[in-house]
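Single-letter residue listing:
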Amino acid sequence: MGKKGNKATKKFIASGQLKKTIQARHKHQQMKKQIERRKGKRKPGHGGGNEVEEEDEDEVEDVQENEASSSSKKKKKMTVDDILNADFMLGAGSDDGDEGIEGEDEGLSDEDALSDEDEEAYDDDNASFASLDDLDDDDDEGDQHLAELAQLAEKDPEFYKFLQENDKELLNFQPDELVDDDDEDMGMDEDGDADMEEDEEKMPVLTKEVLQKWQKALLGQRSLRALRKLLVAFRSAAHMNEEDQVLAWSINSSSVYNKLIVTSLKYTPVVLEHHVPYKTLANGKFKPPTQNAKFKALQKLILSFFNNIVHIMSQLTDEEMLRLALTESAKLVPYIISSRKTVKQYLKKCLEFWSSGSDSVRISAFVSVRKLASSPDESVMDTILKSTYLSLIRSSKSTSAHTLPSINLMKNSASEVFCINHAVSYQHAFGYIRQLAIHLRNSMKIKTKEAYKQVYNWQFAHCVDFWCIVLARACDVKAEAEAGKPSELRPLIYPLVQVSLGAVKLVPNGRSYPFHLHILRSLLHLSRHTETYIPLSTCLVPILSSSLTPSGKPKSSTLKALDFETSIRVPQQYVKTRVYSEGLVEETCFLLAEWLASPGVHGSIGFPEVVVPITVLLRKSLKASSSSKLGLAKEQGFVKTLLERVDDSARWVEQKRKNVNFAPGMLDEVVKWEREMRGKVVEEDSPLGKYVKVLRKAREKKRKLLEKARKGEDEILED
């Protein structure tokens, strides 16, 4: 603890001379730094350089002599060295300042003295802001930027359209007006120091006129001085309602507040792109700006502004304003990518909106995450992949008709991030698929109800579906053909399929059929895109057989049809009901037809032989169902129609392979024939393909009607 100040100390502080002396000392330090900077910029060997240096040295000596004369006054009028510790104010370069410090330090209290850390931070801020002012080029800037403004519509049409809609008068300005406004600003800055003593406690109020002046300077001159003032005002808006913050501006109008936020977000990327542009490489990644003197001077200001954007996002309630903050902040990512702490905070905030906002906000947040993923730093990519996957899993704990579209949006967008760099994604995908296998293994060993719940839940189903989407996108046949090589993620198809089929066979009872259909639907998507043969018929045919030959007659009920997309387990009231039996057979027949019509199965030269065991088992089940007289006419109709289309498609393939002139052992010829056949299956309409198209249209129509009914719209549900 410091000692209490004497009367002279208290009197000196109360007189108000302490603040003036500190300001004078800061001005002297800035002047000295500017002189040293000018000396460093001069090249050796130029004429007249020595004379200028002597003049600069004379200026410093005059200031030092004035300080020395003021320090030799009477003891009643104390110097700032007596108040602020001479060793700090004289700096490390003063050799004479160490004498007499101990005696002067006795009259200084903790409350009166400024800490060294705060003072040094204050000096650093002033130095960085002063350097920003030096970076402005005032000579002939107006004409240059007038020409740039004429090309703004081509370079940045979005920003030009924003100016036309909101600030059209800014597009009509004269360079002379900008110089006059800049001179007025400098005059206001000089008068501000004198008025600060009178209006010490009165905070200036931000008005639209002040914002208009800043906008003109930013648009016309790309002024860094105006940018600094704008971002200082933005900080006041971001921390407006916080008590422990020292703010530079007071904002009393909501319209001014909104205009300040929009102006800061829209104008800052344009100004920074002019002064410190960054490059976008051919592979979609960006190259951060070069570490020149201008960027180093701006970096601290950009980081402060970016942190204020992250801070204000949690306060914004307007969806359009929040979307604007996310979109414009993504343009600043290349300037802050070197700050790990800022990147993590920004990623966390973006993923928060990505997992909980509306659809438009989710998309804007994902665009920001996608911009972060464009960084050439792989460590940033690792953080993004891990955080994105965990956010997806946390959001998929429960699924309903209301949350399913949002979860599907998250899965599709997250899969795009995982497909940016297959080599980096492989490590994460391998670890998370292995985690699913561990859960399955534990459930198979313990065999208890609680252990089964580790697998039979929404999170497990969504994880399997997500990795099927990722592998289907990364290992798509067309994508690999364009790349000219197989994807690094292709080896993960086999373990994922094994884990998925193992989960289906874990609990084969009737109430778990909705979970089975979820997993099989995901595997069908993977098989269709990668043209990989996955034996799904071994899981689908037993479901149809058990539905056609139940142990008892299904009971009628007035329950609505069960939605298999939002159900993972059959509710007790649906068990052994006719409505559930009909829905299950219809859904299973559709999945079986889609699997048989996929290029990997239907395009095989052995398709007629592949469908033989399927048709035999289904006909046997149909015969047993007809003889039992359980009233399953509708279910039998679904299966009979499917069998007819399968037989027609088998004859269609036999007709196509009738004229082949190679043996089954000639694998190269077989592969070539199948490649041509898969193209015909996709382009031409096979009997099974036509049947699947009709089923898809009917299901889509039914889904739209149910969606309208759920939203409360007046619609008549037709059969």
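Read on for a plain summary of the structure. (Residues numbered from 1 in each chain as written. Predicted model: local features only at pLDDT ≥ 70, side-chain atom pairs only at ≥ 80, totals over all residues. Heavy atoms only, no water.)

1. Focus on the overall build of the protein
Scanning the protein for helices and strands turns up 35 helices and two strands. Of all 719 residues assigned to the protein, the portion counted as buried reaches 44%. A total of about 39,300 Å² of accessible surface is found on the protein, and carbon and sulfur atoms cover 51% of it. (Helix = DSSP H or I, 4+ residues; strand = E, 2+ residues; numbered from the N terminus. Buried < 20%, exposed > 50% of the residue type's maximum accessible area, 1.4 Å probe, protein only. Areas by Shrake-Rupley, 256 points an atom, 1.4 Å probe, with all protein chains shown as cover.)

2. A few points about helix H32 (residues 612–628)
Between its first and last C-alpha, H32 extends 25 Å over 17 residues, near the 24 Å set by a 1.5 Å rise per residue. Packing partners of the buried residues in H32 comprise helix H28 (537–548), helix H29 (578–597), helix H31 (607–610) and helix H33 (633–656). Remark: Lys629 follows H32 within two positions and exhibits a positive phi of approximately 55 degrees. (Expected span 1.5 Å × (residues − 1). Contact = heavy atoms within 4.5 Å.)

3. Some points on the nonpolar core
Counting residues in each nonpolar core, the largest one holds 162 residues, and the members touching the most others are Leu206, Tyr346, Trp467, Phe515, Leu526, Leu592 and Leu596. Other than its neighbours up to four places away in sequence, Leu596 contacts Val601, His602, Phe607, Val611, Ile614, Val646 and Leu688. (Core = buried A, V, L, I, M, F, W, Y, C linked by side-chain atoms within 4.5 Å.)

4. Focus on the packing of helix H20 (residues 378–395) against helix H24 (residues 458–474)
Orientation of H20 relative to H24, taken along the N-to-C sense of each, is 140 degrees, at an axis distance of 9 Å. Taken together, the axis directions place H20 and H24 in an arrangement best described as oblique. Regarding H20 and H24, the two cross each other, and that crossing is right-handed. Side by side, H20 and H24 meet where Tyr389, Leu392 and Ile393 of the first sit next to Gln459, Cys463, Phe466 and Trp467 of the second. In terms of residue class, the contact of H20 with H24 is built from six nonpolar, one polar and no charged. (Axes fitted to C-alpha atoms, helices over the stretch in contact; angles between N-to-C directions. Parallel < 35°, antiparallel > 145°, perpendicular 65-115°, else oblique. Left-handed = near helix turned anticlockwise from the far one by under 90°. Nonpolar A, V, L, I, M, F, W, Y, C, P; charged D, E, K, R; others polar.)

5. So, the environment of Pro687
Here Pro687 lies in helix H35 (residues 687–711). Looking at Pro687, the relative accessible area reads 22%, which means it is partly exposed. Separated by 37 residues in the primary sequence, Pro687 and Ala650 have C-alpha atoms spaced 9.2 Å apart. The residues touching Pro687, leaving out its near neighbours within four places in the chain, are Arg645, Asp648, Ser649 and Trp652.

6. Describing the pattern of salt bridges
Taken as a whole, this structure holds 21 salt bridges when the rule is applied. For Glu352, the salt bridge is made with Lys349, and the minimal N-O distance between the two is 3.7 Å. In this pair, Glu352 and Lys349 are both assigned in helix H18 (residues 340–356), three residues apart and thus about one turn of the helix distant. Given a relative accessible area of 39%, Glu352 falls into the partly exposed group. The class of Lys349 is buried, set by a relative accessible area of 14%. (Salt bridge = Lys/Arg side-chain N within 4 Å of Asp/Glu carboxyl O.)

7. Describing the side chain of Thr588
Here Thr588 shows up in helix H29. Thr588 has contacts with Leu517, Leu540, Ile543 and Leu544, leaving out every residue within four places of it along the chain.

8. Side note on unusual backbone geometry
In the Ramachandran plot, Arg222 falls in the positive-phi region, its phi being about 50 degrees despite a non-glycine side chain. Here Arg222 lies in the loop between helix H12 (208–221) and helix H13 (224–238). One non-glycine residue, Glu531, adopts positive backbone phi at about 55 degrees. Counting through the fold element by element, Glu531 comes out in the loop between helix H27 (513–530) and H28.

9. Considering the side chain of His462
Its place among the elements puts His462 in helix H24. Once residues lying within four places of it in the same chain are set aside, the contact partners of His462 are Ser396, Thr399, Leu404, Ile407 and Lys411.

10. Comments concerning H20
Given 3.6 residues per helical turn, the α-helix brings residues three or four places apart onto the same face. Look at H20: 26 Å from first C-alpha to last across 18 residues, which is about the 26 Å you get at 1.5 Å a residue. Of the positions making up H20, those classed as buried are Val380, Met381, Ile384, Leu385, Thr388, Tyr389, Ser391, Leu392 and Ile393. On the buried face of H20, the contacting elements are H18, helix H19 (359–373), helix H21 (404–418), helix H22 (422–446) and H24.

11. Observations regarding the environment of Lys447
Inspection of the secondary structure puts Lys447 in the loop between H22 and helix H23 (449–453). With relative accessibility at 58%, the residue Lys447 sits in the exposed group. Here the alpha-carbon distance between Lys447 and Leu506, two residues 59 residues apart in the chain, equals 9.2 Å.

12. Details of the packing of aromatic side chains
Applying the stated criterion across every chain, the model contains 17 aromatic pairs. Following the ring pairs from residue to residue traces out a cluster consisting of Tyr389, Phe418, Tyr432, Phe466 and Trp467. Above the plane of the ring of Phe590 lies Arg699, whose end atom (NZ or CZ) is 4.0 Å from the centre. (Phe/Tyr/Trp six-rings, centres within 6.5 Å; stacked < 30°, edge-to-face > 60°. Lys NZ or Arg CZ within 6 Å of the ring centre and 35° of its normal.)

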